[in-house]
Amino acid sequence: MKKLVLLGALALSVLSLSTFAAEKPLKIGIEAAYPPFASKAPDGSIVGFDYDIGNALCEEMKVKCVWVEQEFDGLIPALKVRKIDAILSSMSITEDRKKSVDFTNKYYNTPARLVMKAGTQVSDGLTELKGKNVGVQRGSIHERFAREVLAPLGAEIKPYGSQNEIYLDLSAGRLDGTVADATLLDDGFLKTDAGKGFAFVGPAFTDVKYFGDGVGIAVRKGDALKDKINGAIAAIRENGKYKQIQDKYFAFDIYGQ
């Protein structure tokens, strides 16, 4: 009888621990400097597509979201030292990053573009970029692309801590152009007062070698959280929540092919 009581107590203890684990908040890393994906509202709160998608996923998984702000190039290191549990910050799924982290299925997919002064002619060969100063975000896939593809053509690559810093120097004439996600550039710069007189130039960049297979959520290697998030992504796609959030920010299907 004592053994049965002890076993029952142990079972309840395990159940309690399991319940506690299930209710443990999910710490999500994000850089809130990329409208319309993530930025700061006047009251200091985070807003944007990434933020809304993350909250919808947490709601679907029945866990509490705790958002941890971090500069983009510090997100993967923060994940590795367990400061955060996942990265939901418009991070492209690339083979290079897969060496360090696991990715969920994509939650959107858009091409990269080059923005320069309106009227600037840039051919598919990009030879016109010789001697031009091109700003890119440090640690991003766009920096790698710029250094391996644009720099050999003669472009001067200038890394920055954030895309907002790039916009300031672009407007001030200290940069000739920038390469980043097309939707980010359109909503975060071209549609703003600071972006007047600028436009997309040249071709769209979609090389899987640099831009991967879309944008996913990064978790630590081997973490079962990946499967849970994949299930939640599929669920919000199915129940209409994804489209509801998408339509709040975009007039097109950002999920892609």
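Residues numbered from 1 in each chain as written. Predicted model: local features only at pLDDT ≥ 70, side-chain atom pairs only at ≥ 80, totals over all residues. Heavy atoms only, no water.

Engineer: A description of the UniProt feature "domain: Solute-binding protein family 3/N-terminal" (unreviewed entry) in the protein should follow, citing residues and the corresponding values.
Structural biologist: The residues that UniProt annotates with the feature "domain: Solute-binding protein family 3/N-terminal" (unreviewed entry) are residues 25-253. Segment residues 25-253 splits into 34% helix and 25% strand. End C-alpha atoms: 31 Å apart. (UniProt positions renumbered as here; feature names shortened; annotations may be inferred. Helix = DSSP H or I, 4+ residues; strand = E, 2+ residues; numbered from the N terminus.)

Engineer: Explain the side chain of glutamate 31 residue by residue, including any values.
Structural biologist: Looking at the secondary structure, you find glutamate 31 in the loop between strand E1 (26-30) and strand E2 (39-40). Summary of buried charges: glutamate 31 has no salt-bridge partner, and the nearest side chain of opposite charge, arginine 138, is 8.9 Å away. A polar contact of 3.4 Å, which involves the side chain of glutamate 31, links it to the backbone nitrogen of phenylalanine 72. Setting aside residues up to four positions removed in sequence, glutamate 31 forms contacts with Ala38, Gln70, Glu71, Phe72, Ser89, Gln137, Gly161 and Ser162. (Buried < 20%, exposed > 50% of the residue type's maximum accessible area, 1.4 Å probe, protein only. Lys, Arg positive; Asp, Glu negative; His and termini not counted. Salt bridge = Lys/Arg side-chain N within 4 Å of Asp/Glu carboxyl O. Polar contact = N/O pair within 3.5 Å; in protein donor to acceptor, adjacent residues only side chain to side chain. Contact = heavy atoms within 4.5 Å.)

Engineer: Describe in detail the nonpolar core, supporting the description with residues and values.
Structural biologist: Membership of the largest hydrophobic core comes to 45 residues, with the highest contact counts inside it found for Phe49, Ile53, Leu57, Tyr107, Tyr108, Ile217 and Tyr242. Excluding anything up to four places from it in sequence, isoleucine 53 contacts Tyr107, Ile236, Tyr242 and Ile245. One finds Val134, Leu150, Val179 and Phe211 within the second-largest nonpolar core, a separate group that totals 19 residues. (Core = buried A, V, L, I, M, F, W, Y, C linked by side-chain atoms within 4.5 Å.)

Engineer: I'd love a proper account of the state of the cysteines, names of residues and values included.
Structural biologist: Structurally, a disulfide amounts to a covalent bond that connects the sulfur atoms of two cysteines. This structure, assessed with the given rule, holds 1 disulfide. Two residues, cysteine 58 and cysteine 65, share a disulfide whose sulfurs are 2.0 Å apart. Every disulfide takes its handedness from the sign of the S-S torsion; for cysteine 58 and cysteine 65 that torsion is 90 degrees, giving right-handed. Cysteine 58 sits in the buried class, given a relative accessible area of 2%. (Disulfide = S-S within 2.5 Å.)

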